[in-house]
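Next come the chains, spelled out residue by residue.
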Amino acid sequence: MEIVKTPSDLKRLRKSMQGSVGFVPTMGALHKGHLSLIERSIKENDTTIVSIFVNPTQFLPGEDFEKYPRRYEADKKICELAGVDILFMPEVKDIYFEDEVKVKAPDVLGYVLEGHFRPGHFDGVLHIVNKLLHIASPDRAYFGKKDAQQLFLIQQMVRDHFMDVEIVSCEIVREPDGLALSSRNVYLDPDERQKAQLLSKSLKKAAKMVQMGEKNSQKIKAQMEEILQPIKVEYIEIVDRNFKRLDTIEVGNSIILVAAYVGDTRLIDNIWI
Ligand code: AMP
């Protein structure tokens, strides 16, 4: 595995690559969720590039940018063992310029749900993903459904900018009790870890209700609220696959989303119905 530090080095290497290239952008502190994306890329491509970059522009003031887990040595090992070809670990100074031309999230979708509670977050996400896709220039790029709104916005950006990359969406990887894997789970103390499973529990209940024939979004959300009572919910929402709010569940075209604080830790989860 080769470790590359600068955009110009990666671009040079990319030009010499033969065959298909898969790319997995991450912020590191790698877990089995990341690994599932990496393994899929390795299976589907001749070369796999993984990036680790804790992107400052997607954190709002007061969020956890400083304390976000950085596990560079462990991450290198995980990538090496998985069979990653190139690990791209740039520094902020090599990625950002002053007075940049910025990519921005669309006015509405960039500022509802996650974007409402983290205004500007998706501007930062799209800005960095746009840069990384240009630097790595992959045939395929892999993203998790865990960050469903992010995934949708990236697909839109790629479409709108006529970018020549296939965005591959990957299933959510969970702990045995249902908790979606996240780098932020390390913040949870044992009591919080216990409560954190309520997110996936509420989503499971919602899926069960749909299975039993309930399609009314209000009724489903009310049940979820009850399950989530012990923690501080930010939103429960039911949208279609284009992120339009749904009053009635459409099977095969719905996503149920939840965001909540467990102690000081903000967690998100969703289920595709
Ligand atoms: P992050 O390092 O949090 O920016 O995540 C990097 C990529 O991994 C994103 O595309 C995430 O959606 C994806 N990801 C994070 N957690 C999971 C998970 N539990 N299952 C599947 N994909 C995930």
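Sequence order sets the numbering: in each chain, residues are counted from 1 along the sequence as written. For a predicted model such as this one, the threshold for reporting local features is a pLDDT of at least 70, and the threshold for listing and counting side-chain atom pairs is 80 or more; totals across whole chains, interfaces and linings nevertheless cover every residue. The side-chain numbers reported here are obtained from all heavy atoms of the structure, hydrogens and water having been left aside.

K.L.:
Honestly, the site of the ligand in this entry has me stumped. Any pointers?
P.N.:
What surrounds the ligand is a group of 16 residues, the closest being Met27, His34, Asp147, Val173 and Leu181. Methionine 27 places a polar main-chain atom, nitrogen or oxygen, 2.9 Å from an oxygen atom of the ligand. Here an oxygen atom of the ligand and a backbone polar atom of glycine 144 are 2.9 Å apart. A run of H or I in DSSP becomes a helix once it reaches four residues, and a run of E becomes a strand once it reaches two; helices and strands are each numbered from the N terminus. At the level of secondary structure, the elements contributing two or more residues to the shell around the ligand comprise β2 (21–26), α2 (32–44) and β5 (140–144). Per-element accounting of the shell around the ligand gives the leading share, three residues, to α2. Any residue with a heavy atom lying within 4 Å of a molecule or strand is counted as near it. By the criterion applied in these results, polar contacts are pairs of N or O atoms within 3.5 Å in which, for protein atoms, one can donate a hydrogen and the other can accept it, and in which residues neighboring in sequence qualify only through two side-chain atoms.

K.L.:
What's the story with the nonpolar core in this structure? I'm lost.
P.N.:
Taken as a class, soluble globular proteins show a tendency for nonpolar side chains to be buried jointly. Definition of nonpolar core: a set of buried residues of the types Ala, Val, Leu, Ile, Met, Phe, Trp, Tyr and Cys, connected through side-chain atoms within 4.5 Å. Partly exposed describes any residue whose relative accessible area lies between the buried limit of under 20% and the exposed limit of over 50%, with all areas from a 1.4 Å probe on protein chains only and scaled to the type maximum. Ranked by internal contacts, the top residues of the largest apolar core, which has 43 residues, are Ile49, Leu133 and Phe243. Of all the secondary-structure elements, those providing two or more residues to this core are β2, β4 (86–88), α6 (121–136), β5, α7 (148–160), β7 (232–240) and β8 (254–262). With nine residues, α6 is the single largest residue contributor to this core. Of the domains in this structure, domain 1 (2–170) and domain 2 (183–272) are the two that each give at least three residues to this core. Contacts are residue-level and defined by heavy atoms, with any inter-residue pair within 4.5 Å sufficient. Those residues in contact with leucine 133 that sit more than four places away from it in its chain are Phe23, Pro138, Ala141, Met157, Val158, Met163 and Val165. Domains are outlined according to an automatic or database domain assignment.

K.L.:
I tried to follow the domain arrangement of the protein chain on my own but got confused; where do I start?
P.N.:
Where interface size is given, it is often the accessible area lost as the parts come together that is meant. With domains assigned, the protein chain is organised as domain 1 (2–170) and domain 2 (183–272). In this structure, domain 1 and domain 2 have C-alpha centres spaced 26 Å apart. The interface of domain 1 with domain 2 comprises 22 residues on the first partner and 18 residues on the second. Summed over both sides, the interface between domain 1 and domain 2 buries roughly 1800 Å², with carbon and sulfur atoms accounting for 59% of that surface. If you sort the residues of domain 1 by the area they bury against domain 2, Leu113, Glu114 and Phe117 come out on top, with a joint share of 30%. Each salt bridge in this description consists of a side-chain nitrogen of Lys or Arg and a carboxyl oxygen of Asp or Glu lying within 4 Å of one another. Here domain 1 and domain 2 share two salt bridges between them. Two residues, aspartate 64 and arginine 184, come together in a salt bridge whose shortest N-O distance is 2.7 Å. Taken together, domain 1 and domain 2 are joined by nine residue pairs in polar contact (both at pLDDT 80 or more). Here the quantity called buried area is the accessible surface, traced with a 1.4 Å probe, that two parts lose on coming together, added over both.

K.L.:
What exactly am I supposed to notice about the pairing of strand β3 (residues 47–52) here?
P.N.:
For a regular strand, side-chain orientation follows a simple rule: the groups alternate between the two sheet faces. β3 sits mainly inside the fold: six of its six residues count as buried. Burial of β3 is two-sided: the residues Thr47, Ile49 and Ser51 facing one way and the residues Thr48, Val50 and Ile52 facing the other way are all buried. In this analysis, strands are considered paired if DSSP registers two or more bridges between them. Examined bridge by bridge, β2 and β3 share six bridges and lie parallel to one another. Across the sheet, the residue bridging to threonine 26 is isoleucine 52, located in β3. A right-handed crossover is one whose linking path, passing over the helix from the first strand to the second, runs clockwise when the strands point away from the viewer. Once the chain exits β2 it traverses α2 before rejoining the sheet at β3, and the crossover so formed is right-handed.

K.L.:
Help me understand unusual backbone geometry, please; the structure alone is not making it clear to me.
P.N.:
Most peptide bonds take the trans configuration, and most residues that are not glycine carry a negative phi. Even without being a glycine, aspartate 99 presents a positive backbone phi close to 50°. Looking at the secondary structure, you find aspartate 99 in the loop between α4 (92–95) and α5 (114–117). Positive phi is not limited to glycine here, since phenylalanine 243 has a value of about 65°. The topology assignment puts phenylalanine 243 in the loop between β7 and β8.

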